[in-house]
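Spelled out, the chains give:
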Amino acid sequence: EDQVTQSPEALRLQEGESSSLNCSYTVSGLRGLFWYRQDPGKGPEFLFTLYSAGEEKEKERLKATLTKKESFLHITAPKPEDSATYLCAVQGTSGTYKYIFGTGTRLKVLA
Amino acid sequence: GAVVSQHPSRVICKSGTSVKIECRSLDFQATTMFWYRQFPKQSLMLMATSNEGSKATYEQGVEKDKFLINHASLTLSTLTVTSAHPEDSSFYICSAPPGTLNEKLFFGSGTQLSVL
């Protein structure tokens, strides 16, 4: 069964304090791994899609990387506006196109 | 960019009533849409896959007679919560792929349903 585990559950950072969020996954075959940002009371906002081990993508202060077992979302010099829940999802090659989401990392960046 | 519009954003209803939630893809066609449910501080749980012109595919444990899905056009899917009860109170979110199904999903803004 496809599974996604994110850690830590919650993270508090000082403004400018870089860190990484982890997404470990188990899937029969990876079709894609996705990162989303979700603000309270809103739908998730798309950040990145990664397809194969070794792939990296960047957007402003965020950088996503992928290995065969996990993905990291690196946040460099975060700002308070980066505070949100970051969700990871995988899509396996089992025949359906379901996205399996992790429980997310709640990030709080303090000014 | 591609946008998914979801309405209403919040609804409060009495127990026993039915509630309809609309999900529209505004600038792309979506033959497939996904409906999720989310409890506070929990992940998104897939409820069903909505397919234009055919029956929805429901996940195990989701009552299809309780959660009626209609995907009548390439830009509109609706979720109707029938005879709602307090335990149906939750955050419901729809999503659609603007391109291929393994590229990404765009999500609506969600509907907070509160059943009294």
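In the block above lies the structure referred to throughout.
Residues numbered from 1 in each chain as written. Chains lettered and ligands numbered in written order. Predicted model: local features only at pLDDT ≥ 70, side-chain atom pairs only at ≥ 80, totals over all residues. Heavy atoms only, no water.

Student: For the overall build of chain B, give the residues involved together with the corresponding values.
Tutor: Each helix and strand counted, chain B has zero helices and eleven strands in total. For chain B, the succession of helices and strands along the chain, N to C, is β-β-β-β-β-β-β-β-β-β-β. The C-alpha atoms of chain B give 13 Å as radius of gyration, which agrees with the globular expectation for 116 residues (13 Å, within 12%). Taken along the three principal axes of its C-alpha coordinates, chain B extends 40 × 25 × 20 Å. Within chain B, buried positions represent 50% of all 116 residues. Sequence-distant contacts, at least 24 apart, represent 53% of the contacts inside chain B between residues at least 6 apart. Accessible surface, chain B as shown: approximately 5,600 Å² in total, 52% of it carbon and sulfur. (Helix = DSSP H or I, 4+ residues; strand = E, 2+ residues; numbered from the N terminus. Rg over C-alpha atoms; globule rule 2.2 N^0.38 Å. Buried < 20%, exposed > 50% of the residue type's maximum accessible area, 1.4 Å probe, protein only. Contact = heavy atoms within 4.5 Å. Areas by Shrake-Rupley, 256 points an atom, 1.4 Å probe, with all protein chains shown as cover.)

Student: Help me get a handle on the interface of chain A and chain B, residues and values and all.
Tutor: Interface size is commonly expressed as the accessible surface area that is lost when the partners come together. If you look at the interface, chain A gives 20 residues, while chain B gives 19 residues. For the pair chain A and chain B, the two sides together bury roughly 1,600 Å², of which 59% comes from carbon and sulfur. Where chain A touches chain B, the interface holds one salt bridge. We note a salt bridge from Glu59(B) to Lys98(A), for which the minimum N-O separation is 2.9 Å. When contributions to the side of chain A that touches chain B are tallied by element, the ones reaching two or more residues are strand E4 (30-38), strand E5 (45-50) and strand E9 (84-92) of chain A. Residue contributions to the side of chain A that touches chain B peak at four residues, all from E4(A). Each residue belonging to the side of chain A that touches chain B can be placed in one class, and the counts come to nine nonpolar, seven polar and four charged. (Buried area = accessible area lost by both parts, 1.4 Å probe. Salt bridge = Lys/Arg side-chain N within 4 Å of Asp/Glu carboxyl O. Nonpolar A, V, L, I, M, F, W, Y, C, P; charged D, E, K, R; others polar.)

Student: So what's going on with the environment of Ser43(B)? Residues and values would help.
Tutor: Along the chain, the position of Ser43(B) falls in the loop between strand E4 (32-38) and strand E5 (44-51). By relative accessible area, which is 6% here, Ser43(B) ends up buried. Those residues in contact with Ser43(B) that sit more than four places away from it in its chain are Phe101(A), Gly102(A), Thr103(A), Arg37(B) and Gln38(B). Engagement of the side chain of Ser43(B) in a polar contact is seen with the backbone oxygen of Phe101(A), the distance being 3.4 Å. At 2.4 Å, the side chain of Ser43(B) and the backbone oxygen of Gly102(A) are in polar contact. (Polar contact = N/O pair within 3.5 Å; in protein donor to acceptor, adjacent residues only side chain to side chain.)

Student: Quick rundown of the state of the cysteines? Include the residues and the values.
Tutor: Residue and element names in this part refer to chain A. If you walk through the whole model with that rule in mind, you get two disulfides over all chains. One disulfide in the model links Cys23 with Cys88; its S-S distance is 1.9 Å. The S-S bond linking Cys23 to Cys88 shows a torsion near -65°; that makes this disulfide left-handed. You can see Cys23 sitting in strand E3 (residues 19-26) and its partner Cys88 sitting in strand E9, a full 65 residues away along the chain. (Disulfide = S-S within 2.5 Å.)

Student: Outline the side chain of Lys66(B), supporting the account with residue identities and numerical values.
Tutor: You can see Lys66(B) is positioned in the loop between strand E6 (57-58) and strand E7 (67-73). Filtering out sequence-adjacent residues up to four positions away, Lys66(B) remains in contact with Thr80(B), Val81(B), Thr82(B), Ser83(B), Ala84(B), His85(B) and Asp88(B).

Student: So what's going on with the pairing of E7(B)? Residues and values would help.
Tutor: Two elements, E7(B) and strand E8 (residues 76-81) of chain B, share five bridges in a ladder whose sense is antiparallel. Within the sheet, the bridge partner assigned to Asn70(B) lies in E8(B) and is Thr78(B). (Pairing = 2+ DSSP bridges.)

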